[in-house]
Each structure stands twice: as structure tokens, then as C-alpha cells.
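The primary structure of each chain is shown beneath.
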Amino acid sequence: MTVAHPGKTSKPMALLRHGGFMLLVLLLGACSDPGRSTAPAALSRVPLHIDLQAYHSLVDAQTRKSLIFAEALRLSTEQFLHTPDATQQAALQTAWLKAHNAFVAVLALATIDQQAPLLFQIDAWPIEPGYLDSLPAYPDSGLISDVTLAITAESLREQHGFTDPQEVSLGFHAMEYLIFARSAADFLNLAGTTLSKAHTTTGTDGDQQLEGEGVEADPAGAVATDVLPRRRQTLTLLADLINQDLNQLVTGINTATTASSTATPATQLLAILTRSRHTSDRALAASQQLLAGEAGHGAYSDSSAEILQLTLRGLQQVFSSPADLGQALLPLAPKATADLQATLAQAQALSGGLQPASEADQARVTLLVAALPHHFDDLIAALNSHLADH
């Protein structure tokens, strides 16, 4: 990826470089026939037996899991900052992956409106790393380097998306950049005992200097005494704010679930289908990025393929086992339901080995995922017809 300005990357045209991409475009176009038929009128009048209990139990279990892993991430952040070495950094990276994966799994269960402001606070991406921190080519860039700006929860919230959505100073991906793209030496506590664990040398003037990975990896001056405490404070706040925002999001999910319980089961199912349709759009975009060789959602943690798999698995859990909402839709739209379940099963299974994978396998996954929005469109149309007849 080419750097346009500090940390901002231009979108590559890698898709056009794939020999089979034109065939893929034609096949995707064939999946987009606007004249697709929906459920026959007779089927729209069949009685539906919709049981949402298993779905709500699934959502409750996954939201609780996400809160547990977010708190574990916060504690791991504390441990890393107490002893910022390679071992603790690896543990923190593992904690981040678990927490972010648990959050992705919540999104995949169609629990949240994709336009919810909290999503931008928790999971904004892609990011401009140079907006948050210094880069070798731009040693004075980044909020962390701007000593005129206090590093507080309020300032990070205020600066988040200040003039552009990629100007990210909150959430999982700001944290991802700091703990995956920077070394442990960039978080040394110069005021504490941790400094004694760093390698030092004595300069020609008799002063002690840090040597090794931190200085070599960041000639922009990451170990400057006025920057290190700001980076440490930023990391602490990011972990804290992820917990705060995620707790608020889960509270909102629970409140919305309670409020929607007064609606008919069919109306609730329609809302789940509609949100699932949006989730399938995200999955398609992610699959296309992987096919193009782009970094995608988990750019710094190399977790983009895993995120796609988790998204597909979540949809499969909703419409197959354990929530099995597809069973409620079978009498209404048997073919669309069977097609959705089969496509999800195939795509989810194949995406498990997506990275690294052959170009042919990546193209196959993209074709499968491209069919999902159309399956959801058919089911939404069928359920809307059913609601109109009742």
C-alpha cells in the first residue's frame, strides 16, 4: 500500500490484476438479476411458528462473553504497561484478538444497527496510523506526539473522526496498531523500575542511552521522555474506553430486545433478517478485500480472514444451529431458506482456510458470499408479503 500522507493509504487496484476477476464480475452480475421471483402468494399465507428463545439466548451468551474478554484485555494492558517486554506484549496481543473476535461475533448475530454511533467508537477502521502516533517518515505526526494536546478520555473522544472517518483515536483498531505495529520498547516506563529491564549503553559523553529494538525500529523518536508517557496513557485509555463503550452497547442491545418483545415474532424476525442482510454486505466487502490481497479489517493483527470466518459462522448460528431461525422460514420460503443455509455452510467451511489460500479458493468464497444478500432479499420479501397478508 502506498502512503498518501501520514498513515493514510490509497486503495489498491489489486482486484483488476487478478486474471479471473472479469469472470468473477460476470458471475456476480448473474447473481444480481432484479427479476428474481419471491415467495408464491399461496406460501405467504401459511402460518409461521417462530421461536426466538434460542436466538435471544445465543445473543445473551455472546454479549456476556464479549464483556468478559474486554475486561481481560484491560487487565492484560495493565500487566503489559507494568512490564513492557516481548512476553507481555504477546500476551496482550492474544487478549486483543480474543476481545475483538468476541465483539465481531456479537455483530455477526445481527444484534446491532450498522449505523449505531457506538460502532464507530468501538470498531472504526481503516485507520490512519499517522493520525494517532508518529511514523518514521513523519516524526512529528500523531496525537501522541502533539504535546500541546492533553491525553485524556475527553480529548480522545473529541479527536476521533475529527475531519475524516479514518482519523481514529478510539476503539479496537487504534489499540491494534499500537500493540501490533510498535515494539514493547515504545512503552517503557522511564519513571519506574521497568527502565532497568531495557538494554542500555553508555554514550561517549557518559550518558546512558537506550539501545536495541525500540530506538532502531522507531527513528522518529518514540522513546522521547515526553512521548513515552503519552503513548502509555493512550493505551490505558483505549482499553478503558473500549470497556465503557462495549458495556453501553450491550445495555442498548438488552434494552432493544426488551422493547421489541412487544412486537409480533414475525416483525422481530424481519428486523433480524434486515440486519443480517447488512451483515452479509460486510462479509462480501471483507471477502473481496481478501481476494484483492488487501489488508482488510484486521490489518495489523493479520486477522482479516478470521474475522470473515467469524462473521459467516455467526450468520450460520442464527439461521441454522443453534438459533435455527431458518426452521421458522422454511414453510414460507423453502428454496430461499435452503439456499441460504447451504451457502452459509459452504462459505463458512471454506473460509476457515482462506489465508493463505489459492486464488481459486478465495474467488470461490467470494462467489458464495456474494449470493448471501440475494438470499436475504428473497426471505425479506417473502416475510414482508406474509406480514401484509396478516
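Residues numbered from 1 in each chain as written. Predicted model: local features only at pLDDT ≥ 70, side-chain atom pairs only at ≥ 80, totals over all residues. Heavy atoms only, no water.

Caption draft 1: Seen up close, the overall build of the protein chain. Counting its secondary structure elements, the protein chain contains 14 helices and 4 strands. Of the contacts formed within the protein chain by residues at least 6 apart in sequence, a portion of 78% connects residues at least 24 apart. Within the structure as shown, the protein chain displays about 17,800 Å² of accessible surface, and the carbon and sulfur contribution to it stands at 56%. (Helix = DSSP H or I, 4+ residues; strand = E, 2+ residues; numbered from the N terminus. Contact = heavy atoms within 4.5 Å. Areas by Shrake-Rupley, 256 points an atom, 1.4 Å probe, with all protein chains shown as cover.)

Caption draft 2: Quick peek at the packing of aromatic side chains. Under the counting rule described, the total for this entry stands at 6 aromatic pairs. Between Tyr-177 and Tyr-300, the ring centres sit 5.2 Å apart and the planes meet at 70°, which makes this aromatic pair edge-to-face. In this pair, Tyr-177 sits in helix H7 (residues 171-181) while Tyr-300 sits in the loop between helix H10 (265-292) and helix H11 (304-319), placing the two residues 123 residues apart along the sequence. Accessibility expressed as a relative area gives 5% for Tyr-177, which makes it buried. Put simply, the rings of Trp-96, Phe-103, Phe-172 and Phe-180 pair up and form one aromatic cluster. (Phe/Tyr/Trp six-rings, centres within 6.5 Å; stacked < 30°, edge-to-face > 60°. Buried < 20%, exposed > 50% of the residue type's maximum accessible area, 1.4 Å probe, protein only.)

Caption draft 3: Structural context of unusual backbone geometry. Residues Trp-125 and Pro-126 are joined by a peptide bond in cis, for which omega reads -5°. Structurally, Pro-126 is set in the loop between helix H4 (117-123) and helix H5 (129-132). Residue Ser-321 is joined to Pro-322 through a cis peptide bond whose omega torsion reads 10°. Within the secondary structure layout, Pro-322 lies in the loop between H11 and helix H12 (325-329). The backbone of Ala-110 shows a phi angle near 60°, a positive value even though the residue is not glycine. Within the element layout of this structure, Ala-110 appears in the loop between helix H3 (86-108) and H4. Judged by relative accessible area, which is 1%, Ala-110 ranks as buried. Here the phi dihedral of Asp-324 falls at roughly 55°; this positive angle occurs in a residue that is not glycine. With respect to the element layout, Asp-324 can be found in the loop between H11 and H12.

Caption draft 4: How the structure looks around the side chain of Gln-268. Relative to the helices and strands, Gln-268 is located in helix H10. Among the residues examined, Gln-268 registers a relative accessible area of 12% and is labelled buried. Within the structure, the side chain of Gln-268 is placed 3.3 Å from the backbone oxygen of Ser-260, a separation counted as a polar contact. The residues contacting Gln-268, other than those within four sequence positions of it, are Leu-52, His-56, Ser-260, Ser-261 and Ala-263. (Polar contact = N/O pair within 3.5 Å; in protein donor to acceptor, adjacent residues only side chain to side chain.)

Caption draft 5: Up close: the environment of Tyr-131. On the secondary structure map, Tyr-131 appears in helix H5. The exposure class assigned to Tyr-131 is buried, which follows from its relative accessible area of 13%. A polar atom in the side chain of Tyr-131 sits 2.5 Å from the backbone oxygen of Gln-159.

Caption draft 6: Region of the structure containing the pattern of salt bridges. Enumeration according to the criterion identifies 10 salt bridges in this entry. In this structure, Glu-78 and Arg-74 form a salt bridge, with 2.8 Å as the shortest nitrogen-oxygen distance. With Glu-78 and Arg-74 both in helix H2 (residues 53-82) and 4 residues apart, the pair spans about one turn of that helix. In this structure, the salt-bridge partner of Arg-231 is Asp-133, at a minimum N-O distance of 2.7 Å. Of this pair, Arg-231 sits in helix H9 (residues 228-260) while Asp-133 is found in the loop between H5 and helix H6 (153-159), placing the two residues 98 residues apart along the sequence. For the residue pair Arg-231 and Asp-133, the accessibility class agrees, reading buried in each case. It is possible to trace a salt-bridge network through shared partners that takes in Asp-133, Arg-182, Asp-186 and Arg-231. (Salt bridge = Lys/Arg side-chain N within 4 Å of Asp/Glu carboxyl O.)

By themselves, these figures tell us nothing about what the structure is for.
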